[in-house]
Amino acid sequence: MFQKLHIRLTLFCTFICGMILVFMSLICLSVSEKESRERNFADFRVNISMLVNHLESQAVISYAWLTQFCADTHFELDIQDNGSRLVFDSLSPTSLEEQYFTQVRQKAKNDYGILEEAITAESVLSSHEEFELTIHGETYYGAMALIPKNSGALNIAALYSLSGLKKAVLYQRLLFAGADIFGILLLGIFFWFFTWRMIQPLAENRQKQAEFVAFASHELRSPLTVMLSCLSAMKQASPEEAAHFSETIEQEGKRMGRLIDDMLTLSNTDSSHFSIHKKPAELDTLLLSAYEKFEPLAKKKGISMHISLPEEMVRPCLCDKERIEQVFAILLDNAVSYTQEGGSIRLSLKASQDRLIFRIADNGAGIPDAEKEAVFDRFYRCDKSHKDKSHFGLGLCIAREIILMHKGKLWIEDTPGGGATFVVVLNL
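Residues numbered from 1 in each chain as written. Predicted model: local features only at pLDDT ≥ 70, side-chain atom pairs only at ≥ 80, totals over all residues. Heavy atoms only, no water.

1. Let's talk about unusual backbone geometry
And step 1. Of note in the backbone geometry, His136 takes a positive phi value of approximately 50 degrees without being a glycine.
And step 2. Relative to the assigned elements, His136 resides in the loop between β3 (127–135) and β4 (138–149).
And step 3. Phi is positive for Lys407, close to 60 degrees, though the residue is something other than glycine.
And step 4. Note that Lys407 resides in the loop between α8 (395–405) and β11 (409–414).
And step 5. Owing to a relative accessible area of 65%, Lys407 belongs among the exposed residues under this scheme. (Helix = DSSP H or I, 4+ residues; strand = E, 2+ residues; numbered from the N terminus. Buried < 20%, exposed > 50% of the residue type's maximum accessible area, 1.4 Å probe, protein only.)

2. Details of the pattern of salt bridges
And step 1. The final tally for this structure, using the stated rule, is 9 salt bridges.
And step 2. For the salt bridge of Lys372 with Asp414, the shortest nitrogen-to-oxygen distance reads 2.7 Å. Here Asp414 lies in strand β11 and Lys372 lies in the loop between β10 (355–362) and α8, a separation of 42 residues in the sequence.
And step 3. Judged by its relative accessible area of 13%, Lys372 is buried.
And step 4. On the basis of relative accessible area, Asp414 is assigned to the partly exposed category, the value being 46%.
And step 5. Among the charged side chains, a salt-bridge network with shared partners connects Asp369, Lys372 and Asp414. (Salt bridge = Lys/Arg side-chain N within 4 Å of Asp/Glu carboxyl O.)

3. Brief notes about the nonpolar core
And step 1. Membership of the largest hydrophobic core comes to 44 residues, with the highest contact counts inside it found for Leu283, Ile345 and Phe358.
And step 2. Here Ile345 is in contact with Ile303, Ser304, Met305, His306, Leu332, Ala335, Val336, Thr339, Ile360, Ala361 and Asp362, once residues within four sequence places are set aside.
And step 3. Counting residues in hydrophobic clusters, the runner-up holds 22 residues, among them Leu77, Ile79, Tyr141 and Ala158. (Core = buried A, V, L, I, M, F, W, Y, C linked by side-chain atoms within 4.5 Å. Contact = heavy atoms within 4.5 Å.)

4. A short note on the confidence of the model for the protein chain
And step 1. Confidence along the protein chain averages 84 in pLDDT terms, with 88% of residues attaining 70 or more.
And step 2. Across residues 384–389, where pLDDT falls below 50, the model places 7 contacts with residues more than four positions away in sequence or in other chains. (pLDDT = per-residue confidence, 0-100.)

5. Quick word on the packing of aromatic side chains
And step 1. The final tally for this structure, using the stated rule, is 15 aromatic pairs.
And step 2. Centre to centre, the rings of Trp65 and Phe69 are 5.2 Å apart; their planes meet at 15 degrees, and the pair counts as stacked. Of this pair, Trp65 and Phe69 both sit in helix α2 (residues 63–73), separated by 4 residues, roughly a single helical turn.
And step 3. Cluster of aromatic residues (ring-pair linked, three or more members): Phe41, Phe44, Trp65, Phe69, Phe75, Tyr141 and Tyr160. (Phe/Tyr/Trp six-rings, centres within 6.5 Å; stacked < 30°, edge-to-face > 60°.)

See the structure below:
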């Protein structure tokens with residue numbers, strides 16, 4: 001399922017971003033092509049003006065200058081002097097037929113009113129016009145100029161092929177297309193890894209949910225199996241044995257109830273229905289109360305308990321008193337369960353201006369560095385062979401969730417000399 005989602009998200013994100021990239025490229029390409037055409041046409045007009053100005057100022061037409069001019073500008077020229085076509089060895093025959101220049105003169109006459117008949121002996125001003133036209137399917141810049149000369153006129157028709165501009169535009173388009181394809185490819189690679197990083201927490205969460213269901217089913221099945229076995233045995237048992245079986249059923253029922261309560265607590269935290277009700281509470285008193293509750297159990301197991309509290313008064317902390325009591329109970333129960341006979345448990349509280357630091361340290365087997373975070377996972381046990389039926393591997397997970405709800409921190413440190421120390425930090 002996640003593999004298909006990964007592929008679909010990659011394709012979707014790549015498609016959307018690719019379309020945006022292509023759209024922006026088309027806008028840039030359109031602007032660039034428009035500017036190229038405008039600049040090219042402006043250069044054409046400047047060259048025509050230069051040609052007209054030169055011929056106006058010269059009494060004799062220089063073949064060498066015209067040859068160099070055509071070589072530099074790639075113009076095709078057709079010059080008529082009082083109706084007679086001037087033929088230069090260096091310019092004619094031109095690469096274009098005469099009908100091409102006829103169309104230039106015809107367009108200038110029809111569209112722009114450039115008429116050779118308007119030139120008289122008194123005329124002194126030249127006239128010229130530049131435009132774009134299509135001849136036999138090919139686009140040109142065309143120009144016609146009339147220059148008064150010796151009671152007559154020089155009639156100049158010029159053509160400039162846009163094939164070079166078209167090649168440049170085509171090259172630019174191919175360059176943009178290549179860049180877009182390469183960009184889309186890079187986007188695809190990027191989104192392949194990016195979407196996987198986005199999906200990975202979902203996949204891991206789904207895996208954890210599956211493991212949670214499997215572990216929960218296993219833990220629920222164990223007491224249920226014992227209860228059913230006891231009920232079956234009670235049918236043929238003596239009154240004394242039936243009482244024993246009844247007591248076992250009650251114990252297993254309570255154990256199942258504790259597991260269900262823990263699972264409901266975690267379910268509420270997952271669904272954001274886990275509520276805390278903050279009120280000012282004296283946490284030094286709360287820690288001392290937890291110490292007094294667990295001291296008899298610790299003595300029964302041959303474990304000594306010690307507590308260290310600040311001599312000065314500790315400021316009340318805004319928290320959910322019952323939930324913090326639950327955290328202390330979980331941590332102390334964990335310490336008592338995993339500390340061997342003859343061991344010790346130390347509770348301490350340090351207060352500063354802005355926070356309270358609690359430490360619950362034991363000198364038990366300790367927790368390896370590689371597992372210091374894993375112990376807060378659901379149904380996790382460092383000792384896989386640990387058979388204590390009062391622990392399901394949910395307590396530490398619940399404790400951390402409660403502390404996180406209070407914007408605090410909970411972590412594990414090594415106890416000097418061996419063992420584990422749980423550190424709780426709450427902000428005042």
